[in-house]
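Notes for the structure review
Residue strings, one per chain:
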Amino acid sequence: MSIKNISILGSTGSIGNQTLDVIRKNPNLYRVEGLTVNKSIGKLLDQINEFKPKAVAIYDELAYENFMETVNINRSTNSNLDKLQVYKGLEGLIRIAGSKTIDILVTAVVGMIGLLPTVEAIKNSTTIALANKETLVTAGQIVMDLARKHQAKILPVDSEHSAIFQCLNGEGSNKIDKILLTASGGPFRGKSRQDLVNVSKTDALKHPNWSMGQKISIDSSTLMNKGLEVIEAKWLFDVEPEDIIVHVHPESIVHSMVQFKDSSVIAQLGCPDMRVPIQYALSYPSRLDSDFERLDLFKVASLNFQRPDLEVFPCLALAYRALREGGSTATVLNAANEVLVEFFLNDRIGFYDIPKYIEMAMDDHAFIDQPSLEDIINMDTWTRSYINKLLTSSI
Ligand code: NAD
Ligand code: MG
């Protein structure tokens, strides 16, 4: 395999760091070309010194200015900074993503802020290793159409979608009958509505099986993460909403399954470790050696599956509704959720305010059947200001 140039949007987060770990273990296969962060410039400097990228981008204005001060002071003594290109803001992310010399763009940024940079990379036919599910939720039709037009591969990093992708290997034109999408159930599995009315962000952030960024951890506690993944699965694998069946599977060993027309079910299993699907997206179609933990089914002993409770976790039902309605509804669901999770993380709203306000935004928005990219961005902006207005007048 020839050496591949990789850029990472969101290199200092959970997926970003684990991507760099895969690269660290395979220095003969991968080279880092570009990195982007929101504000974590200390961590970015460490990454620059270790991986020596050609370019970086910093989203936050103040962080960018602080970073430039450090770079200017140290340029002459640090050869890693000497020729480094530094960009800022969304434009900067787009510059990094749109470089024609990268082979794979890993989208590990959180939120729909990843949309325009991902679109830019797709236009160059760059392979996308997609972790940033919000991009597909908000603009699935546009992103997939564009990827087809430019023959850009979209390789899933999300563990469930990587599992489905692996189950489809070698299946050619055999059609999917159902996707059996597994969910750990998050920290509140088995709880009643009553139990959850007053839960805090600290309770919600305690995920039993995975260590992840804050936003996806809250999404896992509401099951919105699974809802976003149902939508992501629709776009990646072209299946109808009713053919995607969520299975709560507390052990997180079966990462998802595909049922085929002849009734056969194929599953992908493994210890919960995001580096496995990240590495597969980078090495596809090859599989690389790894020292990752091996699955010991004797130790696991039993695998359990339950139906999700949509009364306790209404966010999952809202995601199915958004998928059935199509058009602009998933954009509204996603944008409202992004804002409300932020409010919840700041202790400004309760757990069930998240689905309550998402539903209001979905009901109140001016539906567009086939939104353009511009419509999506406008709808995202409308939703954020709708939620902000609602909450600042009611808190
Ligand atoms: P995280 O919060 O740990 O990291 C987010 C990264 O994005 C950081 O590097 C941060 O600096 C950057 N970032 C945040 N806001 C930004 C902005 N406005 N502009 C530019 N950069 C910004 O998140 P994570 O857990 O790594 O998740 C990243 C994405 O991967 C999400 O879409 C998530 O749903 C998806 N994902 C994560 C996991 C996981 O195990 N963490 C699993 C599957 C999918
Ligand atoms: Mg997942």
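Residues numbered from 1 in each chain as written. Chains lettered and ligands numbered in written order. Predicted model: local features only at pLDDT ≥ 70, side-chain atom pairs only at ≥ 80, totals over all residues. Heavy atoms only, no water.

Under an unreviewed UniProt entry, the name given to the protein is 1-deoxy-D-xylulose 5-phosphate reductoisomerase, and the source organism is Peptostreptococcus stomatis DSM 17678. Quoted straight from UniProt, the Sequence similarities (unreviewed entry) entry for the protein says "Belongs to the DXR family." (UniProt positions renumbered as here; feature names shortened; annotations may be inferred.)

**Points about the site of ligand 1**
Taken together, 22 residues form the shell around ligand 1, and within it Thr12, Ser14, Ile15, Glu134 and Gly213 come nearest. Between ligand 1 and threonine 12, the relevant distance is 2.8 Å, taken from an oxygen atom to a side-chain nitrogen or oxygen of the residue. For ligand 1, an oxygen atom lies 2.9 Å from a polar atom in the backbone of asparagine 38. Protein coverage of the free-state accessible area of ligand 1, which is 820 Å², stands at 89%. Those elements giving two or more residues to the shell around ligand 1 turn out to be α1 (14-25) and α7 (133-150). Tallied by class, the residues present in the shell around ligand 1 amount to 11 nonpolar, eight polar and three charged. Each of domain 1 (4-156) and domain 2 (158-273 + 286-322) gives at least three residues to the shell around ligand 1. (Near = heavy atom within 4 Å. Polar contact = N/O pair within 3.5 Å; in protein donor to acceptor, adjacent residues only side chain to side chain. Areas by Shrake-Rupley, 256 points an atom, 1.4 Å probe, with all protein chains shown as cover. Helix = DSSP H or I, 4+ residues; strand = E, 2+ residues; numbered from the N terminus. Nonpolar A, V, L, I, M, F, W, Y, C, P; charged D, E, K, R; others polar. Domains from an automatic or database assignment.)

**What about the coordination of the magnesium ion (ligand 2)?**
Only Asp158 (OD), Glu160 (OE) and Glu229 (OE) from the protein reach the magnesium ion (ligand 2) as donors, at distances of 2.1 to 2.3 Å. Every donor residue of the magnesium ion (ligand 2) comes from the same chain, spaced as D-x1-E-x68-E. Taken together, the positions of aspartate 158 in the loop between β7 (154-156) and α8 (159-167) and glutamate 229 in helix α12 (residues 224-237) put the pair 71 residues apart, joining distant regions of the chain. Grouping residues by exposure puts aspartate 158 and glutamate 229 together as buried. (Donors = N, O, S within 2.8 Å, 3.2 Å for Na, K, Ca; no water. Buried < 20%, exposed > 50% of the residue type's maximum accessible area, 1.4 Å probe, protein only.)

**Things to note about the pattern of salt bridges**
Scanning the model with the defined rule gives 20 salt bridges in all. Note that arginine 148 is salt-bridged to aspartate 145, the shortest N-O span being 3.0 Å. Here the residue arginine 148 and the residue aspartate 145 both occupy positions in helix α7, the gap between them amounting to three residues, near one helical turn. Under the relative-accessibility criterion, arginine 148 is labelled exposed at 55%. Linked through salt bridges whose partners overlap, the residues forming this network are Asp21, Arg24, Glu50, Asp273 and Arg275. (Salt bridge = Lys/Arg side-chain N within 4 Å of Asp/Glu carboxyl O.)

**Things to note about the state of the cysteines**
Evaluation of the coordinates by the stated rule reveals zero disulfides. With no disulfide of its own, cysteine 271 has cysteine 167 as its nearest cysteine by sulfur position, at a separation of 17 Å. Residue classification places cysteine 271 among the buried positions, given a relative accessible area of 15%. (Disulfide = S-S within 2.5 Å.)

**Some details on the sheet that holds strand β10 (residues 254-260)**
Within a sheet, neighbouring strands are paired by backbone hydrogen bonds and run either parallel or antiparallel to one another. Read across the sheet, four strands follow the order β9-β8-β10-β11 without closing on themselves; strand pairing throughout is mixed. Strands at the two margins of the open sheet, each flanked by one partner only, are β9 (244-248) and β11 (265-269). Strand-to-strand twist of the sheet, defined as the mean angle between neighbouring strand axes without regard to direction, takes the value 20°. Note: strand β8 (residues 176-183) against β10, four bridges, orientation antiparallel. By the bridge assignment, isoleucine 179 is partnered in β10 with valine 258. Its contacts with the sheet place α12 against β8 and β9, and it is angled at close to 150° to β8. (Pairing = 2+ DSSP bridges. Axes fitted to C-alpha atoms, helices over the stretch in contact; angles between N-to-C directions. Contact = heavy atoms within 4.5 Å.)

**Points about the pairing of β10**
Most of β10 sits out of view: six of its seven residues are buried. For β10 and β11, the ladder comprises five bridges, and the chain directions are antiparallel. Within β11, the residue paired with valine 254 across the bridge is leucine 269. Where β10 hands over to β11, the hairpin turn is made up of four residues, of which serine 263 adopts a positive phi near 90°.

**Comments concerning the nonpolar core**
Core analysis: the biggest nonpolar cluster contains 122 residues, and Phe67, Leu333 and Ile358 have the highest contact counts within it. Broken down by element, this core gets its largest block of residues, 10 residues, from helix α16 (residues 329-345). With sequence-adjacent residues up to four places away left out, isoleucine 358 is seen in contact with Met224, Cys315, Leu318, Leu333, Ala336, Asn337 and Leu340. (Core = buried A, V, L, I, M, F, W, Y, C linked by side-chain atoms within 4.5 Å.)

**Topic: the pairing of strand β3 (residues 55-58)**
Residues of β3 alternate between two faces, with Ala55 and Ala57 on one and Val56 and Ile58 on the opposite face, all of them buried. The pairing of strand β2 (residues 30-37) with β3 spans four bridges and is classified as parallel. Counterpart to threonine 36 in the pairing with β3 is alanine 57. Remark: the β2/helix α2 (residues 41-51)/β3 crossover connection has right-handed handedness. The pairing of β3 with strand β4 (residues 85-88) spans four bridges and is parallel. Bridge pairing in β4 links isoleucine 58 to lysine 88. (Right-handed = clockwise from strand over helix to strand, strands pointing away.)

**A short note on the packing of aromatic side chains**
Counted by the stated rule, this structure contains seven aromatic pairs. Between phenylalanine 165 and tyrosine 280, the ring centres sit 6.4 Å apart and the planes meet at 65°, which makes this aromatic pair edge-to-face. Here the residue phenylalanine 165 occupies a position in helix α8, and tyrosine 280 occupies one in helix α13 (residues 275-283), the gap between them amounting to 115 residues. According to the relative accessible area criterion, tyrosine 280 is buried, its value standing at 6%. Residues phenylalanine 188 and phenylalanine 351 carry aromatic rings whose centres are separated by 5.4 Å and whose planes lie at 85° to one another, so their mutual orientation is edge-to-face. One end of the pair, phenylalanine 188, is in the loop between β8 and α9 (193-196); the other, phenylalanine 351, is in the loop between α16 and α17 (353-364), with 163 residues separating them in the sequence. A single burial state applies to phenylalanine 188 and to phenylalanine 351, both of which are buried. Members of the aromatic cluster, connected to one another through ring pairs, are Phe188, Phe344, Phe351 and Tyr352. The residue whose ring lies beneath arginine 193 is tyrosine 352, and the NZ or CZ to ring-centre distance is 4.1 Å. (Phe/Tyr/Trp six-rings, centres within 6.5 Å; stacked < 30°, edge-to-face > 60°. Lys NZ or Arg CZ within 6 Å of the ring centre and 35° of its normal.)

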